[in-house]
Amino acid sequence: MGKKHQISPVSVLAGGAALTAIGVVLAPVMLKTGLRTIRKYASQFVFDPETGQIRRKDENVVVLNEEDYTIEKQ
């Protein structure tokens, strides 16, 4: 006949404590890594207030304001 294997309450508490300790240690590391990744990919996009859209940044585009240039008519 097969014997039933019982888990002692001490083992359950020890396992729970180990999982909690691992979670407490790893959660901030995982959060920091996730935030770093989000910032990295978010820096590739920019909000365009004129169109109200979020678009990918153009690396080779220079945006000029009216104060930055003048147009001379001949």
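Refer to the structure printed above.
## Looking at helix H1 (residues 9-42)
Part 1 of the reasoning: Compared with the 50 Å implied by 1.5 Å per residue over 34 residues, the 47 Å span of H1 between its first and last C-alpha is a close match.
Part 2 of the reasoning: Leucine 26 marks where H1 bends most, by close to 30 degrees; the proline proline 28 follows one to four residues later.

## Quick notes on a nonpolar patch on the surface
Part 1 of the reasoning: On the surface, a cluster of nonpolar side chains totalling about 410 Å² of accessible area is made up of Ile22, Val25, Leu26 and Met30.
Part 2 of the reasoning: Note on placement: valine 25 falls in helix H1.
Part 3 of the reasoning: On the accessibility criterion, valine 25 (55% relative accessible area) is exposed.

## Re the pairing of strand S2 (residues 53-56)
Part 1 of the reasoning: Where strand S1 (residues 45-48) lies against S2, four bridges are found, and the strand directions are antiparallel. The residue bridging phenylalanine 47 from the neighbouring strand is isoleucine 54, located in S2.
Part 2 of the reasoning: Counting the residues that bridge the hairpin from S1 to S2 gives four residues, and of these glycine 52 lies at a positive phi of roughly 75 degrees.

## With respect to the pattern of salt bridges
Part 1 of the reasoning: Taken as a whole and judged by the stated rule, the model has one salt bridge.
Part 2 of the reasoning: Between aspartate 48 and arginine 55 there is a salt bridge, with its nearest N and O atoms 3.8 Å apart.
Part 3 of the reasoning: Relative accessible area serves as the criterion here: at 16%, aspartate 48 is assigned to the buried category.

The rules behind each value
- Residues numbered from 1 in each chain as written.
- Predicted model: local features only at pLDDT ≥ 70, side-chain atom pairs only at ≥ 80, totals over all residues.
- Heavy atoms only, no water.
- Helix = DSSP H or I, 4+ residues; strand = E, 2+ residues; numbered from the N terminus.
- Expected span 1.5 Å × (residues − 1).
- Bend = angle between axes of the 7 residues up to and from the residue.
- Patch = residues over 30% accessible without salt bridge, like charges linked within 9 Å, V, L, I, M, F, W, Y side chains within 5 Å.
- Areas by Shrake-Rupley, 256 points an atom, 1.4 Å probe, with all protein chains shown as cover.
- Salt bridge = Lys/Arg side-chain N within 4 Å of Asp/Glu carboxyl O.
- Buried < 20%, exposed > 50% of the residue type's maximum accessible area, 1.4 Å probe, protein only.
- Pairing = 2+ DSSP bridges.

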